[in-house]
Amino acid sequence: MQDILVLYYSRTGAVRQMAKLVARGIDAVPGARARIRTVPAVSAVRESVEPDVPDSGAPYAELKDLEECVGVAVGSPTRFGNMAAPLKYFLDSTSGLWLKGALAGKPAAVFTSTATLHGGQETTLLSMMLPLLHHGMLILGLPYTEPELTSTTTGGSPYGASHVAGVGADRVISDEEQRLCVALGRRLAAAALKLAR
Ligand SMILES: Cc1cc2nc3c(=O)[nH]c(=O)nc-3n(C[C@H](O)[C@H](O)[C@H](O)COP(=O)(O)O)c2cc1C
């Protein structure tokens, strides 16, 4: 059994729901198992620390999760068209892995949620790809052979899975968005298993 990391940050829950759907796609591939991890919020107070284990939900990611897993899906809410600071903060701690080339050649995929339809989903997806490319990871998107990529009227992009949560965070993940999250997880796991062979 090979583990695939689903690494995400979520403040109000939309990206957390997407992470579970991506994990469902990973777990649907025989021989693959999703390892879901989150990252803590970044505090404005320098000395303030979160508990080592969150009170609820997924455990916090450690560098060894990236090293041990054969692929990674990275998810973040959009923050002004970019990934959220807590995820960036975690990725900024990975220079030791970069020095060793520990992630080079592993596949990666990205997902995001925004409040608005044209609020920067694609730029956020691209922003998450940049550090992964520096690590030498192989970036996977979604192919147009997934019919929902053409039929969606909300989220879903060739650059990765996405969701439009609404300004009041009141929009459920549409059927198309859900299917594309699952498809992304399945595609990532299938590629990771082939590459790990
Ligand atoms: C500081 C900040 C910046 C944001 N920037 C954007 C933005 O550029 N475009 C957008 O559509 N939504 C933006 N949002 C909304 C979130 O991306 C959106 O609510 C997302 O679905 C939250 O995901 P979560 O529920 O996983 O935390 C922003 C929210 C915050 C707090």
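So, here's what we can say about the structure. Per-chain numbering applies: the sequence of each chain, read as written, is numbered from 1 onward. A pLDDT threshold of at least 70 governs which residues receive local features in this predicted model, and a stricter bar of 80 or more applies before side-chain atom pairs are shown or counted, although totals over entire chains, interfaces and linings include all residues. The side-chain values count all of the structure's non-hydrogen atoms but skip hydrogen atoms and water molecules.

With that settled, the discussion passes to the side chain of S157. Position of S157 among the secondary structure elements: in the loop between α6 (148-151) and β6 (161-164). By the criterion applied in these results, polar contacts are pairs of N or O atoms within 3.5 Å in which, for protein atoms, one can donate a hydrogen and the other can accept it, and in which residues neighboring in sequence qualify only through two side-chain atoms. At 2.8 Å, the side chain of S157 forms a polar contact with the backbone nitrogen of Y159. Residues contacting S157, with those up to four places away along its chain left out, are E122, L125, L142, L149 and S162. The numbering of helices and of strands both runs from the N terminus, where a helix is a DSSP run of H or I of at least 4 residues and a strand a run of E of at least 2. Working rule for contacts: check all heavy atoms of both residues, and any pair within 4.5 Å makes them a contact.

The biggest cluster of nonpolar side chains holds 33 residues, and the ones touching the most others in it are I4, V6, V22, I26, A32 and F111. When contributions to this core are tallied by element, the ones reaching two or more residues are β1 (2-8), α1 (14-27), β2 (32-38), β4 (107-114) and α7 (175-196). With 10 residues, the top contributor of residues to this core is α7. With residues near it in sequence (within four places) discarded, I4 still touches I26, A32, R33, A34, R35, C69, V70, G71, V72, L188, A189 and A192. To qualify as a nonpolar core, a set must consist of buried Ala, Val, Leu, Ile, Met, Phe, Trp, Tyr and Cys residues joined through side-chain atoms within 4.5 Å. Summary of the burial criterion: residues with accessible area below 20% of their type's maximum are buried, those above 50% are exposed, and those between are partly exposed, where the area comes from a 1.4 Å probe applied to protein chains only. V72, V74, L87 and L103 belong to the second-largest nonpolar core, a separate cluster that totals 24 residues.

Another point: α1. Structurally, the α-helix is built with 3.6 residues per turn, so residues lying three or four positions apart point the same way. The end-to-end C-alpha separation of α1 is 20 Å, in line with the 20 Å expected for 14 residues at 1.5 Å each. Turning to α1, its buried residues are A14, V15, M18, A19, L21, V22, A23, G25 and I26. How far a helix is expected to stretch is found by multiplying one less than its residue total by 1.5 Å.

Right, let's get into the site of the ligand. It suffices for a single heavy atom of a residue to lie within 4 Å of a molecule or strand for the residue to be listed as near it. What surrounds the ligand is a group of 17 residues, the closest being S10, T12, T78, S113 and G119. Here a nitrogen atom of the ligand sits 2.7 Å away from a polar atom, N or O, in the main chain of G119. Mapped onto the shell around the ligand, the elements with two or more residues apiece are α1 and β4. Looking at the shell around the ligand residue by residue, the class counts come to six nonpolar, nine polar and two charged. Side-chain classes are defined by residue name, with Ala, Val, Leu, Ile, Met, Phe, Trp, Tyr, Cys and Pro counting as nonpolar, Asp, Glu, Lys and Arg as charged, and the others, Gly among them, as polar.

Attention now moves to unusual backbone geometry. In this structure, F80 is a non-glycine residue whose phi angle is positive, near 50°. Take F80: it is sitting in the loop between β3 (72-77) and α3 (85-91). In this structure, A169 takes a positive phi of about 50° despite not being glycine. Mapping A169 onto the fold places it in the loop between β6 and α7.

By definition, a disulfide is the covalent link that joins the sulfur atoms of two cysteine residues. For the purposes of this analysis, a disulfide is any pair of cysteine sulfur atoms at a distance within 2.5 Å. Scanning all chains against the criterion turns up zero disulfides. C69 takes part in no disulfide bond, and the closest cysteine sulfur to it belongs to C181, at a distance of 19 Å.

Okay, the environment of T154 next. Structurally, T154 can be placed in the loop between α6 and β6. When the C-alpha positions of T154 and L188 are compared, they lie 22 Å apart, and in sequence the two are 34 residues distant. In contact with T154, not counting residues within four places along its chain, are L117, V164, R171, S174 and E177. Of the polar contacts made by the side chain of T154, one reaches the side chain of E177; its length is 3.0 Å.

This paragraph deals with the environment of Y159. Checked against the element boundaries, Y159 lands in the loop between α6 and β6. With 18 residues separating them along the chain, Y159 and G141 place their C-alpha atoms 4.8 Å apart. For Y159, the residues in contact, after removing those within four places along its chain, are V110, E122, L125, L126, M129 and G141.

Throughout, an axis means a line fitted to C-alpha atoms (over the contacting stretch in the case of helices), and angles, computed between N-to-C directions, take values from 0 to 180 degrees. Their axes nearest at 6 Å, the elements α1 and α7 cross at an angle of 45°. The orientation of α1 with respect to α7, classified from their angle, is oblique. At the point where α1 passes α7, the crossing takes the right-handed sense. Mapping the contact onto sequence places M18, L21, V22, R24, G25 and I26 in α1 and Q178, C181, V182, G185, R186 and A189 in α7. Orientation categories follow fixed angle ranges, with anything under 35 degrees roughly parallel, anything over 145 roughly antiparallel, 65 to 115 roughly perpendicular, and all other angles oblique. Helix crossings are classified by the rotation of the near helix relative to the far one: an anticlockwise turn of less than a right angle makes the crossing left-handed, while a clockwise turn makes it right-handed.

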